[in-house]
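Geometric and topological summary
Here is what each chain is made of, one letter per residue.
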Amino acid sequence: MKIFIDTANLDKIREVNSWGILDGVTTNPSLVAKENTDFETLVGEICGIVDGPISAEVMSVTAPEMVAEARKLAAINKNVVIKVPMTEEGLKATKALADEGIRVNMTLVFSAAQALLACKAGARYISPFVGRFDDVGEDGMRLISEIMDILDSYDFETEVIVASIRHPIHVTQAARMGAHIATIPYDVLKKMFNHPLTDIGIKRFQDDWAKVPKK
Ligand code: E4P
């Protein structure tokens, strides 16, 4: 499974990239708003750190405007993927952009039916938001399972980005379901990294090693 980081913060992206496990980055307007840099500069800087798909979201509402906005973002770097919201206009824009060879990440997906339409429109990626779905009393991971069942039955080139991840169990469940990608917030990545028994084990080995006679 590929691992993306879900942030627009350059320091966090650099740090996680240094671990050697990072395949891409997703941003969204709320994440970008936390940084003190204009959007296009920020996307360019992220592309300079990570050599993989970097999602940047369009804010227009109509398909022609989305397409125009997407072309500008795609021109920043070959790795830019355009995030388009799951709306009727978003589907039209996705089809037009896919026909031009611009990769789309269809975002804010909350049902298998939406996922199917996104695949049909030519989305290269779809982003079902599991945490936000859980937040309203639904089962985010069951949604991933349904979407994976659909993808397993056909030859769509679409990859599923499990998004809105809240904890490491979301990630491991996504991996067990064969989801292609998880986009993970920095804090959750750190939680995946740490385990108290690892720390205790290292300490015990260090303490015992200190008792070994040295030449
Ligand atoms: C996906 O690409 C989104 O940026 C993201 O996962 C949203 O997550 P949130 O629900 O934590 O805002």
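Attention here is on the structure that accompanies the text.

About the criteria used
- Residues numbered from 1 in each chain as written.
- Predicted model: local features only at pLDDT ≥ 70, side-chain atom pairs only at ≥ 80, totals over all residues.
- Heavy atoms only, no water.
- Near = heavy atom within 4 Å.
- Polar contact = N/O pair within 3.5 Å; in protein donor to acceptor, adjacent residues only side chain to side chain.
- Areas by Shrake-Rupley, 256 points an atom, 1.4 Å probe, with all protein chains shown as cover.
- Nonpolar A, V, L, I, M, F, W, Y, C, P; charged D, E, K, R; others polar.
- Pairing = 2+ DSSP bridges.
- Helix = DSSP H or I, 4+ residues; strand = E, 2+ residues; numbered from the N terminus.
- Axes fitted to C-alpha atoms, helices over the stretch in contact; angles between N-to-C directions.
- Contact = heavy atoms within 4.5 Å.
- Buried < 20%, exposed > 50% of the residue type's maximum accessible area, 1.4 Å probe, protein only.
- Right-handed = clockwise from strand over helix to strand, strands pointing away.
- Parallel < 35°, antiparallel > 145°, perpendicular 65-115°, else oblique.
- Left-handed = near helix turned anticlockwise from the far one by under 90°.
- Phe/Tyr/Trp six-rings, centres within 6.5 Å; stacked < 30°, edge-to-face > 60°.
- Core = buried A, V, L, I, M, F, W, Y, C linked by side-chain atoms within 4.5 Å.
- Salt bridge = Lys/Arg side-chain N within 4 Å of Asp/Glu carboxyl O.

1. A short note on the site of the ligand
Taken together, the residues surrounding the ligand are Asp-6, Thr-26, Asn-28, Lys-83, Phe-129, Arg-132, Ala-163, Ser-164 and Arg-166. Interatomic distance of 2.7 Å between a side-chain N/O atom of Asp-6 and an oxygen atom of the ligand. Arg-166 is positioned such that a nitrogen or oxygen atom in its side chain is 3.0 Å from an oxygen atom of the ligand. Surface burial for the ligand is 85%, taken as the share of its 350 Å² of free accessible area covered by protein chains. When its residues are assigned to classes, the shell around the ligand shows two nonpolar, three polar and four charged.

2. Some remarks on the sheet that holds strand β4 (residues 80-85)
Spatial ordering of the closed barrel is given by β1-β2-β3-β4-β5-β6-β7-β8, a layout of eight strands whose pairing is parallel. For this sheet the average axis-to-axis angle between neighbouring strands, irrespective of direction, equals 30 degrees. Pairing between strand β5 (residues 104-109) and strand β6 (residues 125-128): three bridges, direction parallel. If you follow Met-106 over to β6, its bridge partner there is Ile-126. Running at roughly 170 degrees to strand β3 (residues 54-57), helix α3 (residues 39-49) makes contact with β2 (24-26), β3 and β4 of the sheet.

3. Concerning the pairing of β4
Counting buried residues along β4, six of its six residues qualify, which places the element largely inside the surrounding structure. Taking every second residue as pointing to the same face, both faces of β4 are buried, with Val-80, Ile-82 and Val-84 on one and Val-81, Lys-83 and Pro-85 on the other. Pairing analysis gives four bridges linking β3 to β4, with the strands arranged parallel. Pairing of Ser-55 across the sheet is with Val-81, part of β4. Judged from the four bridges that link them, β4 and β5 form a sheet pairing that is parallel. Residue Pro-85 lies in a different strand from β5, and its bridge partner there is Thr-107. The β-α-β motif built from β4, the intervening helix α5 (residues 88-99) and the parallel element β5 has right-handed crossover chirality.

4. Here's the deal with the packing of helix α4 (residues 63-74) against α5
Between α4 and α5, whose axes approach to 8 Å, the crossing angle comes to 45 degrees. With respect to their mutual orientation, α4 and α5 come out oblique. The two elements α4 and α5 meet at a crossing, and its hand is right-handed. Packed against α4, whose contacting residues are Ala-63, Pro-64, Met-66, Val-67 and Ala-70, the element α5 presents Glu-89, Gly-90, Lys-92, Ala-93, Ala-96 and Leu-97 at the interface. Within the contact of α4 with α5, the residues separate by chemical class into eight nonpolar, one polar and two charged.

5. Focus: the packing of aromatic side chains
Both the distance between ring centres and the angle between the ring planes are used here to describe each pair of aromatic rings. By the definition in use, this model includes four aromatic pairs. Seen in terms of ring centroids, Trp-19 and Phe-193 are 4.8 Å apart; in terms of plane orientation they differ by 40 degrees. Their pairing is tilted. Placement of Trp-19 in the loop between α1 (10-18) and β2 and of Phe-193 in helix α10 (residues 186-193) is noted, with a sequence separation of 174 residues between them. For Phe-193, a relative accessible area of 57% corresponds to the exposed category. Ring geometry for Phe-110 against Phe-133: centres 6.0 Å apart, planes inclined by 50 degrees, an arrangement best described as tilted. Placement of Phe-110 in the loop between β5 and α6 (112-121) and of Phe-133 in helix α7 (residues 130-135) is noted, with a sequence separation of 23 residues between them. A residue is classified by how much of its surface remains accessible, and Phe-110, at 26% relative accessible area, is partly exposed.

6. Description of the nonpolar core
Within the largest apolar cluster, 59 residues are counted, with the highest numbers of intra-cluster contacts made by Ile-82, Ile-126 and Ile-147. The greatest single-element share of this core, amounting to six residues, is contributed by helix α8 (residues 140-153). Sequence-distant contacts of Ile-126, that is, excluding residues within four places in its chain, are made with Asn-105, Met-106, Ala-115, Ala-118, Cys-119, Ile-147, Thr-158, Glu-159, Val-160 and Ile-161. The next biggest cluster of nonpolar side chains, apart from the first, holds five residues, and it includes Phe-4, Tyr-125, Ile-161 and Ile-181.

7. As for the pattern of salt bridges
Under the definition given, this model contains 13 salt bridges. Measuring nitrogen to oxygen at the nearest pair gives 2.7 Å for the salt bridge that ties Lys-2 to Glu-159. In this pair, Lys-2 sits in strand β1 (residues 2-6) while Glu-159 sits in strand β7 (residues 159-162), placing the two residues 157 residues apart along the sequence. The exposure class of Lys-2 is partly exposed, given its relative accessible area of 32%.

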